[in-house]
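Observations on the model geometry
If you want the building blocks of each chain, they are given just below.
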Amino acid sequence: MRTGHITDSGVIPSLDGLRAISILIVLVSHTGYGTIVPGGLGVTIFFFLSGYLITTLLMEESEQTGQINIGKFYLRRAFRLFPPLVVTLVVAYSLVMLGLLAGGISWAGVIAQLLYFANYYGLFFDPGNTTAAGTGILWSLAVEEHFYMIYPAVMAGLLALGLSRQRIVVVLAMTCLAVLAWRMYLAGFPSFKPERTYYSSDTRVDSIVFGCLLALAANPRDEKPGASNPFLQPMSAVLLAAAAIVMMITIVWRDGYFRETFRYSLQGLALMPVFYFAIKYAAHFPFTLLNHPWVKKIGVYSYAIYLIHYVVVNAIEKNVPWLATVKPLFVLVTFVVATLYAAVLDTYVDSYFRRLRKKFR
């Protein structure tokens, strides 16, 4: 285990806090504030974080053992993602059968969701209302899993060929450029629909790759912690401010072509300094807020909250419509219900599979 500013447990500082920020952005957006809170940004942050963390762990495994065990990687992913997904789908479709949730039930829809094909199924094969309301958010899981079906093997192959980190960075950077060019090509068609680039793995995978690039090119985990001053140094603050400005531009610039092409690339670039400083300067303001125990706990629960929150939103809108009109209360109730659900899953489901994951590290 590397030394430096990483905790004794090996946990990377601020990541759970960034997860918490991401899920709160998505949840608030889905509870009536979508016009002012960009829910898509929360998903992009999740993608970036996933790429950064997985690449860090894969490189650490390669350095410690001389190889990447792809089989164990997939077992760990399955034990982490699949049990909460299955439980959530059982809950959602049970609510549909009870008439408490809108939507439909079809074998094709359920299988597509279980096999991480929800994004392309919804885009090209769904003939109508064939899935439970609120489960449409599973498109993002499909994007991640499609990437991870390929990425560990590619990394293992590149390392086996003796490629340095710098050359792997070049390969991944070219991948990001290729995905951007593909989005630009698709968005140029007169019949283009934004859903094509927003939901598809082939057009969103670069949001994950940008996180991989940070892990390889300038991983803050590999560096010494920042100075003892509780505030960021001036140059660091300037870089962080520049990233914030770029991010704000991607949010407020509403041009359709820009939003479905350059927006994702610029957000990926802007997230690099944010993650770098959040991890390296975890003990400095404002990043100390990300490491507050309650914020970290929300981050731990974030996956289960993400899975269930939109089901809760749709169930409230169907059964207690007046509540959905009182937006602050709508946000609070959705958050509380989703968090309680996540806590139950963490205690009674994920705790068992966490022990299994440790056996395959």
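Calculation criteria
Residues numbered from 1 in each chain as written. Predicted model: local features only at pLDDT ≥ 70, side-chain atom pairs only at ≥ 80, totals over all residues. Heavy atoms only, no water. 1 Å grid on protein atoms, 1.4 Å probe; cavity = no way out; pocket = protein on both sides within 12 Å on 5 of 7 lines; lining within 4 Å. Points joined across faces, edges and corners; volume = space filled by probe spheres on them. Helix = DSSP H or I, 4+ residues; strand = E, 2+ residues; numbered from the N terminus. pLDDT = per-residue confidence, 0-100. Contact = heavy atoms within 4.5 Å. Expected span 1.5 Å × (residues − 1). Buried < 20%, exposed > 50% of the residue type's maximum accessible area, 1.4 Å probe, protein only. Axes fitted to C-alpha atoms, helices over the stretch in contact; angles between N-to-C directions. Parallel < 35°, antiparallel > 145°, perpendicular 65-115°, else oblique. Left-handed = near helix turned anticlockwise from the far one by under 90°. Nonpolar A, V, L, I, M, F, W, Y, C, P; charged D, E, K, R; others polar. Phe/Tyr/Trp six-rings, centres within 6.5 Å; stacked < 30°, edge-to-face > 60°. Salt bridge = Lys/Arg side-chain N within 4 Å of Asp/Glu carboxyl O. Patch = residues over 30% accessible without salt bridge, like charges linked within 9 Å, V, L, I, M, F, W, Y side chains within 5 Å. Areas by Shrake-Rupley, 256 points an atom, 1.4 Å probe, with all protein chains shown as cover.

Let's shift gears to empty space enclosed by the protein. Enumeration over the complete set of coordinates arrives at one cavity of 30 Å³ or more. By volume, the largest cavity amounts to about 80 Å³. Looking at the largest cavity, the residues that line it are R80, P84, V300, Y301, Y303, A304, A342, L345, D346 and D350. Of all elements in the fold, only helix 3 (70-97), helix 14 (293-319) and helix 16 (327-359) reach the threshold of two or more residues within the lining of the largest cavity.

Of all residues in the chain, 94% have pLDDT values of 70 or greater, and the mean over the chain is 92. Highest mean pLDDT in the chain belongs to helix 9 (residues 201-204) (98); lowest belongs to helix 11 (residues 234-252) (91). For residues 1-9, every residue scores under 50 in pLDDT, and the model assigns this stretch 23 contacts once sequence neighbours within four places are set aside.

Moving on, we get to helix 2 (residues 39-65). Across its 27 residues, helix 2 extends 39 Å between first and last C-alpha, which sits within 8% of the 39 Å expected from 1.5 Å per residue. Within helix 2, 22 of the 27 residues are buried, which leaves the element mostly enclosed by the surrounding structure. One or two residues past the end of helix 2 sits G66, with phi positive at roughly 85°.

On to the packing of helix 1 (residues 15-33) against helix 16, then. When two helices pack together, their arrangement is captured by the angle between the axes and the distance separating the axes. For the pair helix 1 and helix 16, the least separation of the axes is 9 Å and the interaxial angle reads 135°. With respect to helix 16, the element helix 1 is oriented oblique. For the pair helix 1 and helix 16, the sense of crossing is right-handed. Contact residues: L24, L27, V28, T31, G32 and Y33 in helix 1; K327, P328, F330, V331, T334 and F335 in helix 16. Taken together, the residues of the contact of helix 1 with helix 16 break down into eight nonpolar, three polar and one charged.

Looking now at the packing of helix 3 against helix 16. Between helix 3 and helix 16, the shortest axis-to-axis distance is 9 Å and the interhelical angle comes to 150°. Between helix 3 and helix 16, the angle falls in the class roughly antiparallel. In terms of crossing hand, the pair formed by helix 3 and helix 16 is right-handed. Residues R76, F79, R80, P83, P84, V87, T88 and V91 of helix 3 form the contact with helix 16, whose own contacting residues are Y341, L345, V349, D350, F353, L356 and R357. Along the lines of polarity and charge, the residues of the contact of helix 3 with helix 16 split into ten nonpolar, one polar and four charged.

Here the focus is the packing of aromatic side chains. Counted under the stated rule, the structure contains 21 aromatic pairs. Summarising the aromatic geometry, the rings of F117 and F125 are spaced 5.9 Å apart at their centres and angled 35° between planes, so their arrangement reads as tilted. Residue F117 is classed as partly exposed on the basis of its relative accessible area, which comes to 35%. Under the relative-accessibility criterion, F125 is labelled exposed at 52%. Each ring, one from Y276 and one from F277, has its centre 5.4 Å from the other, and the planes form 80°; the classification is edge-to-face. Neither residue differs from the other here; Y276 and F277 are each classed as buried. Here a set of aromatic residues connected by ring pairs shows up, and it is made of F73, Y74, F147, Y148 and Y151.

Mapped onto the secondary structure, A187 falls in helix 7 (residues 165-187). A relative accessible area of 11% places A187 in the buried class. As for A187 and T197, which are separated by ten residues in sequence, their C-alpha atoms are 8.0 Å apart.

Take the pattern of salt bridges next. In the structure shown here, the tally under the stated rule is twelve salt bridges. Linking D206 and R183 is a salt bridge whose minimum nitrogen-to-oxygen distance equals 2.9 Å. In this pair, D206 sits in helix 10 (residues 206-217) while R183 sits in helix 7, placing the two residues 23 residues apart along the sequence. Here the two residues D206 and R183 agree in accessibility, since each one is buried. Salt bridges linked by common partners bring D346, D350, R354 and R357 together as one network.

All right, on to a nonpolar patch on the surface then. Together, W322, V326, L329, L332, V336 and L340 make up an exposed nonpolar region whose accessible area comes to about 560 Å². Per-element tally for the nonpolar patch: the top contributor is helix 16, with four residues. Secondary-structure assignment places V326 in the loop between helix 15 (321-325) and helix 16.

Attention shifts here to the environment of F353. In this fold, F353 is placed in helix 16. Linking F353 and V295, residues 58 residues apart in sequence, is a C-alpha distance of 23 Å. The residues contacting F353, other than those within four sequence positions of it, are F79 and P83.

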